[in-house]
Amino acid sequence: MPKRGTAMPGGRSNSARPAKAWTQWHDQAACSELSSRLFYGHESESAAERATREATALAVCETCPVRTQCRKHAMNLPEMYGVWGGTTEAHRKGTRRWSRAQQYDGARRAS
Ligand code: SF4
């Protein structure tokens, strides 16, 4: 388990997760020894600060051996905040919106 205060995307609700499944892939995470502040912004963060922080976090994700598991986890839960699996909050929000639109179109065509 990562040390307290280190990057652990989703750590805020970690107690609700099956601990073993979570740690099996997160133990290998490239972010496990980094500050969570890199992956989660604060409310007063400017757009420029956010862009810089997210770009730095995404560069870490690029090197991560468990990126696929992390991204799948973030999309399935879904994780609403932070950088996960090489995606930002905005990426995942856009993907969820697109997915809902596809489901709606499919349902309309079927009726
Ligand atoms: S993909 Fe990124 S956020 Fe996920 S565990 Fe790896 S470094 Fe951390």
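Thresholds, definitions, all that
- Residues numbered from 1 in each chain as written.
- Predicted model: local features only at pLDDT ≥ 70, side-chain atom pairs only at ≥ 80, totals over all residues.
- Heavy atoms only, no water.
- Near = heavy atom within 4 Å.
- Helix = DSSP H or I, 4+ residues; strand = E, 2+ residues; numbered from the N terminus.
- Nonpolar A, V, L, I, M, F, W, Y, C, P; charged D, E, K, R; others polar.
- UniProt positions renumbered as here; feature names shortened; annotations may be inferred.
- Salt bridge = Lys/Arg side-chain N within 4 Å of Asp/Glu carboxyl O.
- Buried < 20%, exposed > 50% of the residue type's maximum accessible area, 1.4 Å probe, protein only.
- Core = buried A, V, L, I, M, F, W, Y, C linked by side-chain atoms within 4.5 Å.

K.L.:
What's the story with the site of the ligand in this structure? I'm lost.
P.N.:
Every one of the 13 residues lining the ligand counts as a neighbour, but Ala 29, Cys 31, Cys 61, Cys 64 and Cys 70 are closest to it. Counting residues per element, the ones that place at least two in the shell around the ligand are α2 (47-62) and α3 (67-76). When its residues are assigned to classes, the shell around the ligand shows 11 nonpolar, 1 polar and 1 charged.

K.L.:
Mind showing me how you'd approach the UniProt feature "binding site: [4Fe-4S] cluster" (unreviewed entry) in the chain here?
P.N.:
As annotated by UniProt and renumbered to match this structure, "binding site: [4Fe-4S] cluster" (unreviewed entry) occupies Cys 31, Cys 61, Cys 64 and Cys 70. These annotated residues cover 40 residues of sequence, and their C-alpha atoms all fall within 11.2 Å of one another, placing them together at a single site.

K.L.:
It is not clear to me how the pattern of salt bridges should be interpreted in this structure. Could you clarify?
P.N.:
Pairing between side chains of opposite charge can happen when their charged atoms approach one another. Evaluation of the coordinates by the stated rule reveals 5 salt bridges. Close ionic contact of Arg 50 with Glu 45 constitutes a salt bridge, the shortest N to O distance being 3.6 Å. Relative accessible area serves as the criterion here: at 30%, Arg 50 is assigned to the partly exposed category. Overall, the relative accessible area of 14% leaves Glu 45 in the buried class. Residue Glu 89 is joined to Arg 50 by a salt bridge in which the shortest nitrogen-to-oxygen separation is 3.6 Å. Taken together, the positions of Glu 89 in helix α4 (residues 89-110) and Arg 50 in helix α2 put the pair 39 residues apart, joining distant regions of the chain. A single network of salt bridges, built from pairs that share partners, joins Glu 45, Arg 50, Arg 53, Glu 54 and Glu 89.

K.L.:
For this particular structure, what's the right way to read the nonpolar core?
P.N.:
Among soluble globular proteins, nonpolar side chains are generally buried collectively. If you look at the biggest cluster of nonpolar residues, it comprises 15 residues, and the most contacted ones within it are Phe 39 and Trp 84. Broken down by secondary-structure element, the contributors of at least two residues to this core are α2 and α3. Sorting elements by how many residues they give to this core places α2 first, with 3 residues.

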